[in-house]
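# Fold and contact review
Listed below, chain by chain, are the residues.
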Amino acid sequence: QVQLVESGGGLVQAGGSLRLSCAASGRIFSSYFMGWFRQAPGKEREFVAAIRWSGGSTNYADSVKGRFTISRDNGKSTVSLQMNSLKPEDTAVYYCAALTSSNRAVVVSTSYDYWGQGTQVTVSS
């Protein structure tokens, strides 16, 4: 079992920055991928970024490339999402998730086995 708890959401003006954190506990193996997804009202949950727990391999949605950076701190068992140059369209509930099988697509939400409760990010124009 893996438990995930997100933090760091809030209200920010367009062009600003926020840093989300995901604290992970339980049995986490180096082969796992950790992902960030987001869901805006009335929209489907969409992939934002992912990183292999052991580090080195990252994936980003085209909409956030160059603005968002995913990272992990194995010593603290946390995964972070640094979000810069935020836009109103980034407004959503952001979820942290863990994928236990490397044979699944990291950009697909149904590939993930564990989810956090989500944290709200609101970007005002």
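Structure first, text after, so check above.
Below or above, wherever it landed, is the structure these notes cover. (Residues numbered from 1 in each chain as written. Predicted model: local features only at pLDDT ≥ 70, side-chain atom pairs only at ≥ 80, totals over all residues. Heavy atoms only, no water.)

Moving on, we get to the environment of G116. The residue G116 is located in the loop between β10 (114-115) and β11 (119-124) in this model. The buried category is assigned to G116, whose relative accessible area is 12%. Each C-alpha atom of the pair G116 and F47 lies 14 Å from the other, and the pair is 69 residues apart in sequence. For G116, the contacting residues outside a window of four places in its chain are L4, E6, Y95 and C96. (Helix = DSSP H or I, 4+ residues; strand = E, 2+ residues; numbered from the N terminus. Buried < 20%, exposed > 50% of the residue type's maximum accessible area, 1.4 Å probe, protein only. Contact = heavy atoms within 4.5 Å.)

Now for the packing of aromatic side chains. For the structure shown, the criterion picks out six aromatic pairs. Where F37 meets Y112, the ring centres are 5.0 Å apart and the plane angle is 80°; that geometry is what we call edge-to-face. You can see F37 sitting in strand β4 (residues 33-39) and its partner Y112 sitting in the loop between β9 (92-99) and β10, a full 75 residues away along the chain. Sitting above the plane of the Y95 ring, R45 keeps its charged end 3.8 Å from the centroid. (Phe/Tyr/Trp six-rings, centres within 6.5 Å; stacked < 30°, edge-to-face > 60°. Lys NZ or Arg CZ within 6 Å of the ring centre and 35° of its normal.)

Attention now moves to the sheet that holds strand β1 (residues 2-7). Ordered in space as β1-β3-β8-β7, the four strands form an open sheet in which the pairing is antiparallel. Each edge of the open sheet carries a strand with a single partner, namely β1 and β7 (68-73). Neighbour-to-neighbour, the strand axes of this sheet turn through a mean angle of 15°, independent of strand direction. Alignment of strand β3 (residues 18-26) against strand β8 (residues 78-83), held across six bridges, turns out to be antiparallel. Residue L20 lies in a different strand from β8, and its bridge partner there is L81. (Pairing = 2+ DSSP bridges. Axes fitted to C-alpha atoms, helices over the stretch in contact; angles between N-to-C directions.)

This part takes up the side chain of S80. Note that S80 resides in strand β8. Residues in contact with S80, not counting those within four places in the same chain, are R19, L20, S21, W36, T69, I70 and S71.

With that settled, the discussion passes to the side chain of D90. By secondary structure assignment, the location of D90 is in the loop between β8 and β9. Note on D90: relative accessible area 0%, which makes it buried. The residues touching D90, leaving out its near neighbours within four places in the chain, are R38, R67, F68, S85, V121 and V123.

Turning our eyes to something else, we now look at the state of the cysteines. Under the criterion given, the structure shown has one disulfide. Two residues, C22 and C96, share a disulfide whose sulfurs are 2.1 Å apart. In this structure, the disulfide formed by C22 and C96 twists by about -75° around the S-S bond and is classed as left-handed. Within this pair, whereas C22 is found in strand β3, its partner C96 is found in strand β9, the two being separated by 74 residues in sequence. Residue classification places C22 among the buried residues on the basis of a relative accessible area of 0%. Residue class for C96 comes out buried when judged on its relative accessible area of 0%. (Disulfide = S-S within 2.5 Å.)

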